[in-house]
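# Examination of the molecular architecture
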Amino acid sequence: MSEEPILVEERNGCTFIRLNRPSAANALSKEALLGLRKSCERIREDVTTRVVVLTSAGNKTFSAGADLKERREMSQEEAREAVTLIGEVMEEVASLPQPVIAAVNGSAFGGGLELALAADIRVFAKEGKYGLTETSLAIIPGAGGTQRLPRLIGIGKAKELIYSARRISGEEAFECGLCEQLVPLEGVEEAARVLATRIAKNGPVALRAAKSAMDEGFNETLTEGLAIESRAYARTLATKDRLEGLQAFKEKRQPKYSGE
Ligand code: COA
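Quick summary incoming for the structure in this document. Because the structure is predicted, anything quoted here is derived from the model rather than measured.

What counts as what
- Throughout, residues of each chain are indexed from 1 in the direction in which the sequence is written.
- The model is predicted, so local features are restricted to residues of pLDDT at least 70 and side-chain atom pairs to those at 80 or more, both for listing and for counting; the totals for chains, interfaces and linings are taken over all residues.
- The basis for the side-chain values is all heavy atoms of the structure; hydrogens and waters are excluded.
- We call a residue buried when its accessible area falls under 20% of the maximum for its residue type, exposed when it is over 50%, and partly exposed in between, using a 1.4 Å probe and counting protein chains only.
- Under the scheme used here, helices are H or I runs from DSSP no shorter than 4 residues and strands are E runs no shorter than 2 residues, and both carry numbers assigned from the N terminus.
- When DSSP finds at least two bridges between two strands, those strands are taken to pair.
- Here a crossover is taken to be right-handed if, once the strands point away from the viewer, the path from the first strand over the helix to the second is traced clockwise.
- Buried and open spaces are told apart on a 1 Å grid over the protein atoms alone, a cavity being a set of points where a 1.4 Å probe fits but cannot get out and a pocket being an open set with protein on both sides within 12 Å along at least five of seven lines. Residues with an atom within 4 Å of a point are the lining residues.
- Grid points are joined across faces, edges and corners, and a volume is the space filled by probe spheres set on the points.
- Amino acids outside the nonpolar list (Ala, Val, Leu, Ile, Met, Phe, Trp, Tyr, Cys, Pro) and the charged list (Asp, Glu, Lys, Arg) are all regarded as polar, and Gly is one of them.
- Note on definitions. A residue lies near a molecule or strand when any single heavy atom of the residue is within 4 Å of it.
- Nitrogen and oxygen atoms within 3.5 Å of one another constitute a polar contact, given that in protein one can donate a hydrogen and the other can accept it, and given that sequence-neighbouring residues count only through two side-chain atoms.
- All accessibility values rest on the Shrake-Rupley procedure with a 1.4 Å probe; residue burial counts only the protein chains present in the view.
- Only buried residues count toward a nonpolar core, which is a set of Ala, Val, Leu, Ile, Met, Phe, Trp, Tyr and Cys residues joined through side-chain atoms within 4.5 Å.
- For this analysis, residues touch if any pair of their heavy atoms sits within 4.5 Å.

### Quick word on the pairing of strand β3 (residues 51–56)
Counting buried residues in β3 gives six out of six residues, a clear majority hidden from the surface. What you see with β3 is no split at all: Val51, Val53 and Thr55 on one side and Val52, Leu54 and Ser56 on the other are buried throughout. Relative to β3, strand β2 (residues 14–19) is paired through six bridges, and the arrangement is parallel. Bridge pairing links phenylalanine 16 to valine 53 in β3. Regarding the hand of the β-α-β motif, the stretch spanning β2, helix α1 (residues 30–44) and β3 is right-handed. Where β3 lies against strand β5 (residues 100–104), three bridges are found, and the strand directions are parallel. Paired with valine 53 across the strands is isoleucine 101, a residue of β5.

See the structure below:
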């Protein structure tokens, strides 16, 4: 019996989604993508999930991207459908209302790196290699890479990397802003867990409001962005958690947020 390609585990308000095809370099097969979509649909509605961590089984390759063996057997029309599916699934990840951390425990190429780009925050392994390698396969990044990479690291560097299909080191990824944290491979999951735990202590409604304010406002004018921020702030005003935060401050104790 084949193993589940996606494993989901909930711990103290943090939901871990794990790509589980280590013998295939955690490549994103159709089955894995459908599993990822299903997990996102469930997590989106789950108020107990305060933060999501995306990671992989094994300790060598976070994900080698699209499943190239599966792709080789496809007709042109099937390949088109596969690209649509991977793009849609990345959108599912990016549009999760909770903060998402990619714990990139090994190399990430193509769709594997695009998956990390769909997260809010990336923790990379020092020892890994990273690249949008698609042009070397005579295709282009089709799961958000041409749009998210320039927004994250700037258009010039994104063009250099996408045109050359170069595989860069962890150090170069960190220097150009492709990841927010760079740690030794064996420490990636722990670093993500520490960050997730810290995030999960904060007000759940506030976290969602902060995420949507930044994501929705990022490509708008400052004036429109400020209006988006104001609407997002309003969602926190009527919450019990806002009053709990003030009360805890007065009593010099840690707040306990319920998400209400
Ligand atoms: N799709 C399907 N299978 C893949 C894969 C992919 N994208 N990438 C790797 N695999 C498979 C390999 O074929 C191999 O399977 P096998 O044992 O049946 O031959 C297995 O995963 C392990 O890969 P291998 O290359 O032996 O391991 P490695 O550690 O030496 O190298 C990579 C791992 C990821 C560096 C290398 O496989 C690679 O460069 N893959 C292509 C990555 C890429 O360009 N992706 C972009 C897709 S658009």
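Once the structure has been displayed, the description carries forward.
### Here's the deal with the layout of surface pockets
Looking at the largest pocket, its volume works out to about 830 Å³. Secondary-structure elements contributing two or more residues to the lining of the largest pocket are α3 (76–94), β7 (121–125), α5 (145–153) and α9 (204–217). The greatest single-element share of the lining of the largest pocket, amounting to seven residues, is contributed by α9. A class-by-class count of the residues in the lining of the largest pocket yields 14 nonpolar, three polar and eight charged. Approximately 490 Å³ is the volume attributed to the second largest pocket. Ala66, Leu68, Glu134, Leu137 and Ile139 are, among the 23 residues lining the second largest pocket, the residues nearest its centre. Looking at the lining of the second largest pocket residue by residue, the classes come out as twelve nonpolar, seven polar and four charged.

### Regarding the site of the ligand
The local shell around the ligand holds 16 residues, among which Lys60, Ala64, Ala66, Leu68 and Arg167 are the closest. Contacts to the ligand include lysine 60, whose side-chain N or O atom sits 2.9 Å from an oxygen atom. Here an oxygen atom of the ligand and a side-chain polar atom of threonine 133 are 3.0 Å apart. The fraction of the free accessible surface of the ligand (860 Å²) that becomes covered by protein chains is 61%.

### Considerations on the nonpolar core
Counting 61 residues, the largest nonpolar core has Ile101, Phe124, Tyr130, Leu149 and Leu178 as its most contacted members. Tallying contributions element by element places helix α8 (residues 188–200) first for this core, with seven residues. Excluding residues within four positions of it along the chain, phenylalanine 124 makes contact with Val104, Leu113, Ala116, Tyr130, Ala173, Leu178, Cys179, Gln181, Leu182, Val183 and Val188.

Shape is all these values report; function is a separate question.
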